[in-house]
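Fold and contact review
So you can see what is in the structure, the chains are spelled out below.
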Amino acid sequence: MATFRAEVFQNEFLPDGGTDVHAIVTVSASGVGGAGTSGAGVAEIVMIDTSGSMTGPMLAAAKHAAQVALDHIPDGTWFAIVSGSHVAQRVFPYPNAPVAIVQMEPAARAEAKRAVARLSAQGGTAMSTWLRLADQIFATQPAVTQRHAILLTDGKNESEPRDQLTAAVTAVTGRFQCDARGVGERWQVDELREIATALLGTVELIANPADIAEDFRSLLAASLSRGVSDAQLRVWTPQGGQVLFVRQVAPTVEDLTARRTTVTPLVGAYPTGAWADESRDYHVAVRLPSKPLGAEQLAARVQVAVGGEVVAAGLVKAAWSDDASLTARISPEVAHYTGQAELASAIQEGLAAKAAGDEATATVKLGRAVQLAAETGNEEATSKLRRVVEIDDEEHGTVRLKRGASRLDEMALDTASTKTSRVRR
Amino acid sequence: MVSGTGTAVVCPACGEAAGDGARFCEACGAPLAAAHGTGPDGADSADPSSAVPGSTDPGPAPGDPASSGAASPDPAQSGAASPGGSPEGAPPAGTAVDGASPCPACGGDVADDGYCAQCGARAPVERDHREERAAPHVAGVSDVGVRRRRNEDALALGAVPGPGATGGQAAGSSPGEDVSVLVVCDGVSSAPDSDVASQAAATAARDTLVAGAAHVPADDAAAWSRLLVAAGHAADDAARAAVDDATARQDPPSCTFAAAVAGPGLLVAGWLGDSRVYWLPDAGTPEQLTEDDSVAAELMADGMSRAAAERSPQAHAITRWLGADAEDTTARTVATRPGGPGWVLACSDGLWNYASAPEAVADLLRDAVARVGDDPLALSRDLVAWANASGGHDNVTVALARVPGTAAAGGGPADPQDDPHDDAGTAPTVRRRPPGSLPGEPPTDTGPSAP
């Protein structure tokens, strides 16, 4: 039986006239069990880039990875394989099959491997078509509520305008989860990040095609460990209160603010996708009308809801005090994750400025990133930053852009920018 | 209410016209329902004192012979205000759920978590405002105050029928023969669970005093002093046992102790910390019987004026207390023989912060009597309300017992040999902790805090 727990970390004391309350809410799930525990069924779709650029060892590695993935999809799981170029095609079940998705069993696995082996690369890249086809395939089994996809590409989404991809992402958001993987150095981090963020997945760089298979294996293992197919974060604010933002801050930074749906006039829900036994941190910021000194009230109820039922709740409080020793303190959790969120944007903005040739801005932003990574103890970010900038003074964020930094190193830094280190407790 | 008449409702906070039947202003979110019922003040959810509804005192009315003379009233039954009762005139139509009282701030439902489901105001808890009456002439009130989030003060009262009142006459015992028992304990706010410790301590001390009173000769000051010391030890035991892991904690729950027993012609007080007992005669010089175990008291002993000492930064640092980390828990005691009628007042610093000198407290009480008469519960309420109106920075507890005085006894201290001030066994060395580690300091509520 899945158990959720919500723990609140905050300094509830506000100075006279204070209005903004910040809290970190740690949500932990335990006893979740594997995917399909709920009995609703699990579906997996693997989307393989078969555009012309994949020709050669890259396609061979991708085919091998897809076949490894088939070995790791357990019997009974609904699955399909999609190949994508400027158009998307269902590879298995075969395009002429009467059903779009089938349940895994040994014969299906063998036939699907044969289908994958016959894949060849040609054409351009239009990922919107891949996403829409995956959505159509999932939709043929409406009872299967836990839907997960893997998207693998090696290139830029060059065969269509960006807004077409954005429209497709918007259209399929909330219908399935998708992890996005870029192999090599010719793909665009921001494109895959847009897909993965909206579809509650992760984005990763796979530098060496030989590593795709292992990555697919771990992605499937993670997906299949998620026994809760969909959980919502709900935030209640009092009459007159206002949510400033709701942000997942660990394991990665994801801004959920704009993804609010209304439950009641005082309660908004934010999607969090499927859960395994894991814990995630959320930063909730609420603005309240100021109250007189000595007043205490609830600033937010932060709840976890599964299947429309609240399974855990934490209380965010506000108390106005004239004691500066109470009000001046910043919760270490809030400070840590505020820094981590700023770190993510400093890296992304710095790399974007560098790509645009604005070296001054890039130096300042990446310098700030170095400083924040050091302050918040994010060693992974520090080591990735080191490959892109020369660090003169970590504490003050004085850096020089590294001449001849490889594109792969920049992409690795970019894709990892949203990964946060947990606060030390 | 104007609902149903078609007349526009105007938000009391911003003046915006509100829809018929709306409970909150669309423009500014201010609650409308409470404003309709109680006037603009009703919209102020911030003031805990206003959030506590008028008390309902199920205790006996003054002079009600049928219910007087109870030796050991159950505090749970003796005059606790109904928690979160509906504010007068509030129109919480259809909002009460499962019998729960609606939010006093906005009339909304109070959720299971203790906060309003609409406006988030904390729903008052029973401990926020407690009233207790042990006899027509013995009563008290303990209140959370304005600035604190929890009431860590505790109150326990008793009235033991005097030896003259036996058998069927017990119910008719008069203040002149009764022994009144007042106990006030103030939980140290910086130590978690001190509210639990203070109530346990107060109740244990009261029970010890009430049980012992039957065996103590009415005019034996030394015996009464010993009983008060025993009550202090019983209170300490209770405070230590209040939480299971008290001894393992770095900051175990702790509290002050102030108790008074007032029998015919004799008044004895015992204390640890800075809760106080005053003797306020109708005629004559009012006295502060207790002498705070606090840094302020030490400064005064060194010659500083009361006003200056009580303003000093460490003023509220107490040097003795009850609880697992208390080394010396032997109450100091003092006895006096009232020469005439008057009031015994026991209180926490929530009251004396605003009126410290005995003359000031006497004036305060005199004014209160002029306002509300001489019922001790009404007077206690009045003094608590006055402290809250003065700022209410701390929890406020006031307990009063009426002493008719005896013509026989002269005024002044009891027999010198009975005065434990001179008794080495009951006047131990005052211990002062290093700065910063004093449980009573700083005099602010740190409350539960995020790690």
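Residues numbered from 1 in each chain as written. Chains lettered and ligands numbered in written order. Predicted model: local features only at pLDDT ≥ 70, side-chain atom pairs only at ≥ 80, totals over all residues. Heavy atoms only, no water.

Each helix and strand counted, chain B has 9 helices and 15 strands in total. Split into buried and exposed, the 451 residues of chain B put 54% on the buried side. For chain B, the proportion of contacts with a sequence separation of at least 24, taken over those separated by at least 6, is 69%. (Helix = DSSP H or I, 4+ residues; strand = E, 2+ residues; numbered from the N terminus. Buried < 20%, exposed > 50% of the residue type's maximum accessible area, 1.4 Å probe, protein only. Contact = heavy atoms within 4.5 Å.)

Looking now at helix 5 (residues 189-198) of chain A. For helix 5 of chain A, the buried fraction is high: 8 of the 10 residues fall into the buried class. Turning to helix 5 of chain A, its buried residues are A:Val189, A:Glu191, A:Leu192, A:Arg193, A:Glu194, A:Ile195, A:Ala196 and A:Ala198.

All right, on to the pairing of strand 12 (residues 242-250) of chain A then. All names here are of chain A. Counting buried residues in strand 12 gives 7 out of 9 residues, a clear majority hidden from the surface. With 7 bridges connecting them, strand 12 and strand 16 (residues 278-287) associate as antiparallel partners. Each bridged residue has a counterpart across the sheet, and for Arg 247 the counterpart in strand 16 is His 283. (Pairing = 2+ DSSP bridges.)

Glancing now at the packing of aromatic side chains. Residues and elements named next belong to chain A. Enumeration over the complete set of coordinates arrives at 5 aromatic pairs over all chains. Ring centres of Phe 4 and Trp 275 lie 5.4 Å apart, and the angle between their planes is 75°; this geometry places the pair in the edge-to-face category. In this pair, Phe 4 sits in strand 1 (residues 3-10) while Trp 275 sits in strand 15 (residues 267-275), placing the two residues 271 residues apart along the sequence. Phe 4 gets classed as buried once you look at its relative accessible area, which sits at 8%. On the accessibility criterion, Trp 275 (1% relative accessible area) is buried. (Phe/Tyr/Trp six-rings, centres within 6.5 Å; stacked < 30°, edge-to-face > 60°.)

Moving on, we come to the pattern of salt bridges. When the charged atoms of two side chains lie near each other, side chains of opposite charge can form a pair. In total, this model carries 52 salt bridges over all chains according to the counting rule given. Ionic pairing is found between A:Lys113 and A:Asp71, a salt bridge with its closest N-O pair at 2.6 Å. Here A:Lys113, found in helix 2 (residues 106-117), pairs with A:Asp71, found in helix 1 (residues 57-72); they are 42 residues apart in sequence, far enough to count as distant. A:Lys113 sits in the partly exposed class, given a relative accessible area of 24%. A residue is classified by how much of its surface remains accessible, and A:Asp71, at 43% relative accessible area, is partly exposed. Note that A:Asp392 is salt-bridged to A:Arg400, the shortest N-O span being 3.0 Å. One salt-bridge network, in which partners are shared between bridges, spans A:Glu12, A:Glu296, B:Arg122, B:Asp128 and B:Arg149. (Salt bridge = Lys/Arg side-chain N within 4 Å of Asp/Glu carboxyl O.)

A separate point is the sheet that holds strand 17 (residues 296-306) of chain A. Within the open sheet, the 6 strands sit side by side as 2-18-17-11-15-14 (chain A). Their pairing is mixed. Because the sheet does not close on itself, it has two edges, and the strands there are strand 2 (13-14) and strand 14 (261-264) of chain A.

In globular proteins that are soluble, nonpolar side chains generally tend to be buried together. Residues and elements named next belong to chain A. Of all hydrophobic cores here, the largest spans 36 residues; its most connected members are Phe 79, Phe 92, Leu 152, Ile 212 and Phe 216. It is helix 1 that contributes the most residues to this core, 9 residues altogether. The contacts of Phe 216, once residues within four sequence positions are left out, are Val 46, Ile 48, Ala 65, Ala 66, Ala 69, Ile 150 and Leu 152. Membership of the second largest hydrophobic core comes to 35 residues, among which are Leu 133, Phe 138, Val 172 and Ala 412. (Core = buried A, V, L, I, M, F, W, Y, C linked by side-chain atoms within 4.5 Å.)

Our focus in this paragraph is the packing of helix 1 of chain A against helix 6 (residues 212-224) of chain A. Packed helix pairs are specified by the crossing angle of their axes together with the interaxial distance, meaning the distance between the axes. All names here are of chain A. At a minimum axis separation of 8 Å, helix 1 and helix 6 run at an interaxial angle of 30°. Taken together, the axis directions place helix 1 and helix 6 in an arrangement best described as roughly parallel. Where helix 1 crosses over helix 6, the handedness of that crossing is right-handed. Judged by residue contacts, Ala 61, Ala 62, His 64, Ala 65, Ala 66, Val 68, Ala 69 and His 72 of helix 1 engage Ile 212, Ala 213, Phe 216, Arg 217, Leu 220 and Leu 224 from helix 6. The residue inventory of the contact of helix 1 with helix 6, partitioned by class, reads 11 nonpolar, 2 polar and 1 charged. (Axes fitted to C-alpha atoms, helices over the stretch in contact; angles between N-to-C directions. Parallel < 35°, antiparallel > 145°, perpendicular 65-115°, else oblique. Left-handed = near helix turned anticlockwise from the far one by under 90°. Nonpolar A, V, L, I, M, F, W, Y, C, P; charged D, E, K, R; others polar.)

Residue and element names in this part refer to chain B. In the predicted model, chain B carries a mean pLDDT of 74, and the fraction of residues at 70 or more is 64%. Mean pLDDT values for the elements of chain B range from 37 in helix 2 (residues 48-51) up to 97 in strand 14 (residues 342-347). Here residues 407-412 scores under 50 on pLDDT; set against residues more than four positions off or in separate chains, the count is 10 contacts. Segment residues 415-451: pLDDT under 50, and 81 contacts once partners within four positions in sequence are set aside and those in other chains are kept. Listed scores for the predicted complex are pTM 0.70 and ipTM 0.78. (pLDDT = per-residue confidence, 0-100.)

All names here are of chain B. Within the open sheet, the 6 strands sit side by side as 3-4-15-14-10-11. Their pairing is antiparallel. Pairing within the sheet leaves two strands with one partner each, and these edge strands are strand 3 (129-135) and strand 11 (287-288). As judged from the 2 bridges shared by strand 10 (residues 276-281) and strand 11, these two strands associate in the antiparallel manner. Pairing of Trp 279 across the sheet is with Glu 287, part of strand 11. Each of strand 10, strand 11, strand 14 and strand 15 (396-403) is contacted by helix 8 (residues 358-372), which is oriented at about 65° to strand 10, the strand it contacts most. Contacts from helix 9 (residues 376-389) reach strand 3, strand 4 (138-143), strand 14 and strand 15 within the one sheet, and its direction differs from that of strand 4 by about 25°.

Turning our attention to the packing of helix 4 (residues 162-172) of chain A against helix 5 of chain A. All names here are of chain A. As a packed pair, helix 4 and helix 5 sit with axes 10 Å apart at the nearest point and diverge in direction by 15°. Classed by the angle they form, the pair helix 4 and helix 5 counts as roughly parallel. Helix 4 and helix 5 meet at a crossing whose hand is right-handed. Residues Arg 162, Leu 165, Thr 166 and Val 169 of helix 4 form the contact with helix 5, whose participating residues are Asp 190, Glu 191, Glu 194, Ile 195 and Ala 198.

Residues and elements named next belong to chain A. Strand direction decides the pairing type here: strand 14 and strand 15, joined by 3 bridges, are antiparallel. Bridging across to strand 15, Thr 261 finds its partner in Ala 269. With antiparallel pairing between neighbouring strands as the criterion, strand 14 and strand 15 make up a hairpin whose turn holds 2 residues.

Right, let's talk about unusual backbone geometry for a bit. Look at the link from A:Phe92 to A:Pro93: it is a cis peptide, with omega at -10°. Assignment of secondary structure puts A:Pro93 in the loop between strand 6 (88-92) and strand 7 (102-103). In the segment running from A:Ala250 into A:Pro251, the intervening peptide bond is cis, with an omega of 5°. With respect to the element layout, A:Pro251 can be found in the loop between strand 12 and strand 13 (254-255). Phi at A:Leu200 is positive, roughly 55°, even though this residue is not glycine. Note on placement: A:Leu200 falls in the loop between helix 5 and strand 10 (203-206). Assessed through its relative accessible area of 26%, A:Leu200 is described here as partly exposed. With phi around 70°, B:Asp193 is a residue other than glycine that occupies positive phi space. Relative to the assigned elements, B:Asp193 resides in the loop between strand 6 (179-186) and helix 3 (194-213).

Bringing the state of the cysteines into the picture now. Residue and element names in this part refer to chain B. Scanning the model with the defined rule gives 0 disulfides over all chains in all. Left unpaired, Cys 116 is separated from the closest cysteine sulfur, that of Cys 106, by 3.5 Å. Overall, Cys 116 belongs to the buried group, its relative accessible area being 0%. (Disulfide = S-S within 2.5 Å.)

You can see A:Glu296 is positioned in strand 17. The class for A:Glu296 is buried, based on a relative accessible area of 11%. For A:Glu296, the side chain forms a polar contact with the side chain of B:Tyr115, separated by 2.9 Å. Among the polar contacts made by the side chain of A:Glu296, one reaches the side chain of B:Arg122 at a distance of 3.1 Å. (Polar contact = N/O pair within 3.5 Å; in protein donor to acceptor, adjacent residues only side chain to side chain.)

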